[in-house]
Each structure stands twice: as C-alpha cells, then as structure tokens.
Amino acid sequence: MKKIVVKFGGSSLASADQFKKAGDIIRADKGRRFVVPSAPGKRFSDDTKVTDLLYACYALAEEGQDFTAELKTIKDRYYEIIHGLELDLSLEDQFQEIEKQFKQQAGTDYAASRGEYLNGIIMAGYLGYEFVDAAEVVCFDENGNFIPDQTNEALSKRLKDAECAVIPGFYGAREDGTVQTFSRGGSDITGSIVAKAVKADLYENWTDVSGFLVADPRIISNPEVITTITYKELRELSYMGATVLHEDAIFPVRKEGIPINIKNTNAPEDPGTMIVANTCQQSKYTITGIAGTKDFVAVNIEKDMMHAEIGFGKKVLEVFEDNGVSFEHVPSGIDTMTVFVNQAAFLEKEQEILSQLQRNCQPDSIDLEPNLALIAVVGRGMKSHRGTAGRIFSALAHANVNVKMIDQGSSELNIIIGVANADFRDAIKAIYDIFVTIQL
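Residues numbered from 1 in each chain as written. Predicted model: local features only at pLDDT ≥ 70, side-chain atom pairs only at ≥ 80, totals over all residues. Heavy atoms only, no water.

Participant: What am I meant to see in a negative patch on the surface here?
Facilitator: On the surface, Glu302, Asp304, Asp364 and Asp367 cluster together into a patch of negative charge. Note on placement: aspartate 304 falls in the loop between strand S12 (289-302) and helix H10 (312-322). (Patch = residues over 30% accessible without salt bridge, like charges linked within 9 Å, V, L, I, M, F, W, Y side chains within 5 Å. Areas by Shrake-Rupley, 256 points an atom, 1.4 Å probe, with all protein chains shown as cover. Salt bridge = Lys/Arg side-chain N within 4 Å of Asp/Glu carboxyl O. Lys, Arg positive; Asp, Glu negative; His and termini not counted. Charge placed at Lys NZ, Arg CZ, Asp CG, Glu CD. Helix = DSSP H or I, 4+ residues; strand = E, 2+ residues; numbered from the N terminus.)

This is the structure we're talking about:
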C-alpha cells in the first residue's frame, strides 16, 4: 500500500473544527498512515499560539512565580479541542507532569515541545492511530545537534511494524533524555525525516495556503500559485525569505527522491505545489518565483591591481569570518570587490571590521552603502529563454528603480538584484508584472 506522511501546521490544528478537517483529509486516503502534528496555532487573528503560551508560562516558572492560571489557560485550549471532538480522553496526568517539570525548570525546549506532544496524543486518540513520542526516536547529541543517521535508524525500527502512527513534530531528545527542539517551524523537519525513515511515496505538508506563491501576497495582490518547483529553486526562494516550508525540511526527502506536496487544509481540493528533485515539466511562466529580503549593507572595497594580488579575496572574507558576520554575495570587478552582509549583524562589529580590513588588506578606499534589499528571481525556465535579464532591467527602469547590484549564478537558475530598501516593493511588483501579469 502507498505510504504517505502528512504534516499539519498549527493553523490546521488550532481548534476542534480544524482537527475535523484534518481527520477528513487523512481518512480520505488509506495511504496517509503517518501523521506529524504541530501545536495548536491561532484560532483567530488576535489569538495566541499555544507554543507562545507555553514559553510565557515557563518564563514565570523560571522566575519562581505562580503559573497556575497560565497553565490552566493552556489546559483549557486542549480540552476545548477534546470536547469539540467528543473524545473520551484525559490529559490530567500529562499536565501534572508538565507542572512538575516546570517547577523543576526542565528548560525552555521541554516547555515549547509540550504543544506538539499534547496535540499528538489528541490526534492519535481521534484517529485511532498509535502514538510515538518523538523524544524516543528523534536523536540529538549532547550539544543539541541533530543526528540524522541515528534518528533514521531509530525511526525506521520503531515504525517498521506500525500500521498507522502519530509522531509529534518539532522536538526530539538528547542521549540523556533531555528534550531538544528544532528551530521554530521544525515540525516540517520532523515530517521530512519520518518520510525518509518509512520510505514514503509522498510527503504532504498541510498548511493554510494552497501552495507556494510566485511572490509575497503582502506585496502582490492574489499572486499566482507555483504548481511545480524543484528542490534547488525552493532553496533559492527559501533563502531569500519565502517561508511556507522550513528550508531544512528539504534535505532528508531530497536524498531519497521523495516529492513534497504543499496543500491547504481549508481547500483540500486545490492541487497545491509539488516539490520535486527534477522535472521536464515547463513552468507556466519564464520565472518560477520572486523573493527578497531587506536591510543589507554593501561594503565596497577598492584597490588598484587587486586582481593581481593573490589571496586578496580570501583576506577580505576572513575579516568578516573572524568577526562572526556571514556574507550574502560578493560581486567584483578588476579593482573593486563588494561584500553584501546583513546590516544588523554588520553594525554590531562595524568599526572592528573596518579597522581589520584596513590593516589586513590595505585598500585604497572603503565605501559603505546601507539600507539595501536583495531580490532573487528564480526559475529553471530562465536558461531556455533569451533576454530574461534584459526584461528584468527594462521593467525596473520603467518603474524608476535603480539597480545597485546584479549577480547571476553559472547554473542560470537565479538572478540576484540589489536595490534600495525604499524601492523593494516597487521592484518586486515590476518584475512580477513583466513576467506574470502580462502573460495572464
């Protein structure tokens, strides 16, 4: 029988009604045998996610203050779901243990993980599936680093004979049993590693949008949905700010060739976005997507005969490395080299970096240009379409946007454009219009 791993985000499990939608989706296909739930998210716009409630509750416990009322608020959220599903299920033992662990200050990771843990128990009870505590099968080392091979072995062994199972997302445990979480959004990663362990045919990631969008809906009104995207394209867009899926969730399934389908819990009939290793399917448009991030600074370094000085680039980048600042892009010319870095990170070490650059590299001049945005135009179809860059520059010129930088990789998969923060929205609109709106 087909094996499908399904992961549901917080908004998909925020209430009993949302749970019922998830249950209907799971039961609609017998292949959906492994379920990875997130903690309950917001029920309405001004609501608070359970994970945030747990953080706030634990903060009181750390300060030695009474957290009874805050814990009751969390308990009420879960019992609201249990009663709405008409389940004969008690979480009293679990909440007594949580209270005990909070008083003993078990750590913020333990506190945050309880959201998924409790939701997993409810989901298993609702579906009649086996519950598998992620702390038993998702492994971290003593420093809190994820151990993929050990996890894959533990999960494979545990789920080998399981007909159907619920494995909570977001957390695992170190060898001594201490609970350890992934970064926020880490339930996506759990879904991915479960898919790898059971050798799934498909990993479905259910959320509150019908797939990846060509551009940010906060900038473009009703942008088109991307029907198919490759892992490489997704990496480029995620890196530049597209956040539908946690970017680390790609690696486990990519190695196994397992496709990911991003779907909408509230509109399950929508096809969503299929993420695949490779495809000969052509994009609807020349580009696949546009994403960008603001607040970078360009450090422009000039030095005559720079190109003839062996190791000059290495010396420059070592300065940033020594100060714990990672670079984003490094466009260069014969006598110039520009390093784009995150502005907030740079400002913390600004003078140390500039002094060290002066001493180590002896440039003729160093120029700083702050408040810049980087925009990635990504698409496997760009390679086969001549004049893509020309169309981008034409659109930006027409929108009166001045281009500060352009960088294109040899794969021709993406073009990175630097513009002023103030031009960020206009630039994305202009690029979207030239490649998408005109073709509609």
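Participant: How should the environment of valine 319 be read in this particular structure?
Facilitator: Mapped onto the elements of the fold, valine 319 is located in helix H10. For valine 319, a relative accessible area of 0% gives the class buried. The spatial distance from the C-alpha of valine 319 to the C-alpha of isoleucine 353 is 6.4 Å, given a sequence separation of 34 residues. Among residues more than four places away in sequence, those in contact with valine 319 are Ile353, Gln356, Leu357 and Asn360. (Buried < 20%, exposed > 50% of the residue type's maximum accessible area, 1.4 Å probe, protein only. Contact = heavy atoms within 4.5 Å.)

Participant: How should I be thinking about the packing of aromatic side chains in this particular structure?
Facilitator: Think of a pair of aromatic rings as described by two things: how far the centres are apart, and how the planes are tilted against each other in angle. Under the defined criterion, the tally for this structure stands at ten aromatic pairs. Residues phenylalanine 19 and tyrosine 126 carry aromatic rings whose centres are separated by 6.4 Å and whose planes lie at 75 degrees to one another, so their mutual orientation is edge-to-face. Of this pair, phenylalanine 19 sits in helix H1 (residues 16-27) while tyrosine 126 sits in helix H5 (residues 108-127); the two residues are 107 residues apart in sequence, bridging distant segments of the chain. Accessibility assignment for this pair places phenylalanine 19 and tyrosine 126 in one class, buried. With centroids separated by 5.2 Å and ring planes inclined at 80 degrees, the aromatic side chains of tyrosine 58 and phenylalanine 102 adopt a geometry described as edge-to-face. (Phe/Tyr/Trp six-rings, centres within 6.5 Å; stacked < 30°, edge-to-face > 60°.)

Participant: How should the pairing of strand S1 (residues 4-8) be read in this particular structure?
Facilitator: The side chains of a regular strand alternate between both faces of the sheet. In terms of burial, S1 is largely enclosed, as five of its five residues are buried. Here S1 shows a buried face lined by Ile4, Val6 and Phe8 and a second buried face lined by Val5 and Lys7. Where S1 lies against strand S8 (residues 202-207), five bridges are found, and the strand directions are parallel. Note on S8: the bridge partner recorded for isoleucine 4 is leucine 202. One ladder, built from five bridges, connects S1 with strand S2 (residues 32-37); its direction is parallel. Counted as the bridge partner of isoleucine 4 is arginine 32 from S2. (Pairing = 2+ DSSP bridges.)

Participant: What is the right way to read the sheet that holds S2 from this model?
Facilitator: Hydrogen bonding along the main chain pairs the strands of a sheet, whether they run parallel or antiparallel. Across the sheet, which stays open at both edges, the eight strands sit in the order S3-S5-S2-S1-S8-S10-S11-S9 with mixed pairing between neighbours. One side of each edge strand has no neighbouring strand; the edge strands of this open sheet are strand S3 (130-131) and strand S9 (228-230).

Participant: Help me understand the pattern of salt bridges, please; the structure alone is not making it clear to me.
Facilitator: Opposite charge on two side chains lets them pair, provided their charged atoms get close. Taken as a whole, this structure holds 16 salt bridges when the rule is applied. Across the pair lysine 72 and aspartate 76 runs a salt bridge, and its minimum N-O distance is 2.9 Å. Here lysine 72 pairs with aspartate 76, and both are found in helix H3 (residues 68-84), just four residues apart, close to one helical turn. Among the residues examined, lysine 72 registers a relative accessible area of 49% and is labelled partly exposed. Ionic pairing is found between lysine 314 and glutamate 318, a salt bridge with its closest N-O pair at 3.6 Å.

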